[in-house]
Amino acid sequence: EMTPDLGVHNVNALLCLTLLGVWFLMLLVFERIAFFATKNTANYTQVEGSQRTDVAWRCSRAHLNFVENIGVMSIMVIVGVLLGSTSELFTILCIVLLVSRVFQSLAHMYSVERIFLIVRLLFFLLQNIALIAMAIINIITVFQHS
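What you see is a predicted model; the values in this text were computed from it and never measured.

Reading the values: the criteria
Residues numbered from 1 in each chain as written. Predicted model: local features only at pLDDT ≥ 70, side-chain atom pairs only at ≥ 80, totals over all residues. Heavy atoms only, no water. Disulfide = S-S within 2.5 Å. Axes fitted to C-alpha atoms, helices over the stretch in contact; angles between N-to-C directions. Helix = DSSP H or I, 4+ residues; strand = E, 2+ residues; numbered from the N terminus. Parallel < 35°, antiparallel > 145°, perpendicular 65-115°, else oblique. Left-handed = near helix turned anticlockwise from the far one by under 90°. Nonpolar A, V, L, I, M, F, W, Y, C, P; charged D, E, K, R; others polar. Patch = residues over 30% accessible without salt bridge, like charges linked within 9 Å, V, L, I, M, F, W, Y side chains within 5 Å. Areas by Shrake-Rupley, 256 points an atom, 1.4 Å probe, with all protein chains shown as cover. Salt bridge = Lys/Arg side-chain N within 4 Å of Asp/Glu carboxyl O. Buried < 20%, exposed > 50% of the residue type's maximum accessible area, 1.4 Å probe, protein only. Phe/Tyr/Trp six-rings, centres within 6.5 Å; stacked < 30°, edge-to-face > 60°. Core = buried A, V, L, I, M, F, W, Y, C linked by side-chain atoms within 4.5 Å. Contact = heavy atoms within 4.5 Å. Polar contact = N/O pair within 3.5 Å; in protein donor to acceptor, adjacent residues only side chain to side chain.

Asker: Sorry, what's going on with the state of the cysteines here?
Answerer: Here a disulfide denotes a covalent bond joining the sulfur atom of one cysteine to the sulfur atom of another. Within this structure, the stated rule accounts for 0 disulfides. Cysteine Cys-94 is unpaired, with the sulfur of Cys-16 as its nearest cysteine sulfur at 5.2 Å.

Asker: When you look at the packing of helix α1 (residues 8–37) against helix α2 (residues 55–83) in this model, what are you seeing that I'm missing?
Answerer: Two quantities define a packed helix pair, namely the angle between the helix axes and the distance between the axes. Between α1 and α2, the shortest axis-to-axis distance is 9 Å and the interhelical angle comes to 165°. Taken together, the axes of α1 and α2 lie roughly antiparallel to each other. Seen from above, α1 lies across α2 with left-handed handedness. Of the residues that constitute the contact of α1 with α2, the class distribution is 22 nonpolar, 4 polar and 1 charged.

Asker: What's the story with a nonpolar patch on the surface in this structure? I'm lost.
Answerer: Side chains of Ile-115, Ile-118, Leu-121, Leu-122, Phe-124, Leu-125 and Ile-129 sit close together on the surface and give an oily, nonpolar patch of about 630 Å² of accessible area. Assignment of secondary structure puts Leu-121 in helix α4 (residues 114–145). Taking the relative accessible area as the measure of exposure, Leu-121 reaches 45% and is therefore partly exposed.

Asker: Help me out: how do you make sense of the packing of aromatic side chains in this one?
Answerer: When we look at a pair of aromatic rings, we describe it by the centre distance and by the angle of the planes. Evaluation of the coordinates by the stated rule reveals 4 aromatic pairs. Measuring from ring centre to ring centre gives 5.6 Å for Phe-24 and Phe-66, while their planes differ by 65°; the resulting arrangement is edge-to-face. With Phe-24 in helix α1 and Phe-66 in helix α2, the pair connects residues that are 42 residues apart, well separated along the chain. The class for Phe-24 is partly exposed, based on a relative accessible area of 22%. Geometrically, the ring pair formed by Phe-103 and Phe-123 is stacked, given 5.6 Å between the ring centres and 20° between the ring planes. Placement of Phe-103 in helix α3 (residues 88–110) and of Phe-123 in helix α4 is noted, with a sequence separation of 20 residues between them. Its relative accessible area of 40% is what places Phe-103 among the partly exposed residues.

Asker: How should the nonpolar core be read in this particular structure?
Answerer: The tendency in soluble globular proteins is for nonpolar side chains to be buried as a group. In this structure, Leu-20, Phe-66, Cys-94 and Met-134 are the most contacted members of the largest nonpolar core, which totals 28 residues. If you list the elements that add at least two residues to this core, you get α1, α2, α3 and α4. Looking at this core element by element, the count peaks at 9 residues for α2. Contact partners of Leu-20, with chain neighbours within four places excluded, come to Phe-66, Ile-70, Met-73, Leu-97, Leu-98 and Arg-101.

Asker: For this particular structure, what's the right way to read the side chain of Gln-104?
Answerer: Summarising the element assignment, Gln-104 is placed in helix α3. Here Arg-101 takes part through its side chain, which lies 3.3 Å from a polar atom of the side chain of Gln-104. Among the polar contacts made by the side chain of Gln-104, one reaches the side chain of Gln-127 at a distance of 2.3 Å. Excluding residues within four positions of it along the chain, Gln-104 makes contact with Asn-65, Arg-120, Phe-123, Phe-124 and Gln-127.

Right, dumping it as structure tokens:
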């Protein structure tokens, strides 16, 4: 039985993507648990009132925020693996992406106080810096192969 030799950096990048998927599923579970635990389920799905402080609302918003971002995260990692542009730097960027996404979601679920909004913003910026760096690495790899 032959298995492809992905290389350590490809495996690490794919592991980070897998762990992002696990975090995605965990957020969905947290959201569902919070939904069923809340007494005020009628207002749970309302889009208005994003400053509500109940846990169910925050879990829902954290999950939806991740839904909005998982696509571009997946694209950058998969394209990097397919292009062979994964390196030690790319692996570090994948880890930064994973850790900053987890902490952004945790801050999102914990509180809507100003300090946590700032923390969320900082982790959001860190993720975007990592994604931009990954995109640049992928683009450079394309031009190196052409």
